[in-house]
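Commentary on secondary and tertiary structure
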Amino acid sequence: MKKCPYCAEEIQDAAIKCKHCNEFLNTPTNQGGETTLPWYFRTSTIVIAIASIGPLALPLLWWRPKTSLSWKISLTLAVVILSWGLYQTTLKSLEIITDYYQLLNEL
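The following refers to the structure shown. (Residues numbered from 1 in each chain as written. Predicted model: local features only at pLDDT ≥ 70, side-chain atom pairs only at ≥ 80, totals over all residues. Heavy atoms only, no water.)

1. Re unusual backbone geometry
Backbone geometry at Ala8 places phi at a positive 65°, although glycine is not the residue there. Tracing the backbone through its elements, the reader meets Ala8 in the loop between strand 1 (2-3) and strand 2 (10-11). Classification of Ala8 as partly exposed rests on a relative accessible area of 47%. Positive phi is not limited to glycine here, since Asn22 has a value of about 65°. Mapped onto the elements of the fold, Asn22 is located in the loop between strand 2 and helix 1 (43-53). (Helix = DSSP H or I, 4+ residues; strand = E, 2+ residues; numbered from the N terminus. Buried < 20%, exposed > 50% of the residue type's maximum accessible area, 1.4 Å probe, protein only.)

2. Examining the environment of Ser52
Structurally, Ser52 can be placed in helix 1. Residues Ser52 and Leu104, 52 residues apart in the sequence, show an inter-C-alpha distance of 34 Å.

Have a look at this one:
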């Protein structure tokens, strides 16, 4: 017998759900025995989110339980630096387009 981590009542060792508080005791597992992550913590989802919305997807990375702190910090720095570079490139492109249109207006 073991104690439920939620209500502290005694339950069987093989229990998946507490009969007293109805809480699930184990996280879902796949066939290999590894715990599965929710879809929003999967690597592919985080990569797509960062590619789509950039730094706005960083909370997904930071809340992901399987990523180490050093990876989180390095990926955050990479995303911020890349975003800053793209921002600067966009500003430069807008400046060039503005100059081009001013040149066309003079003709």
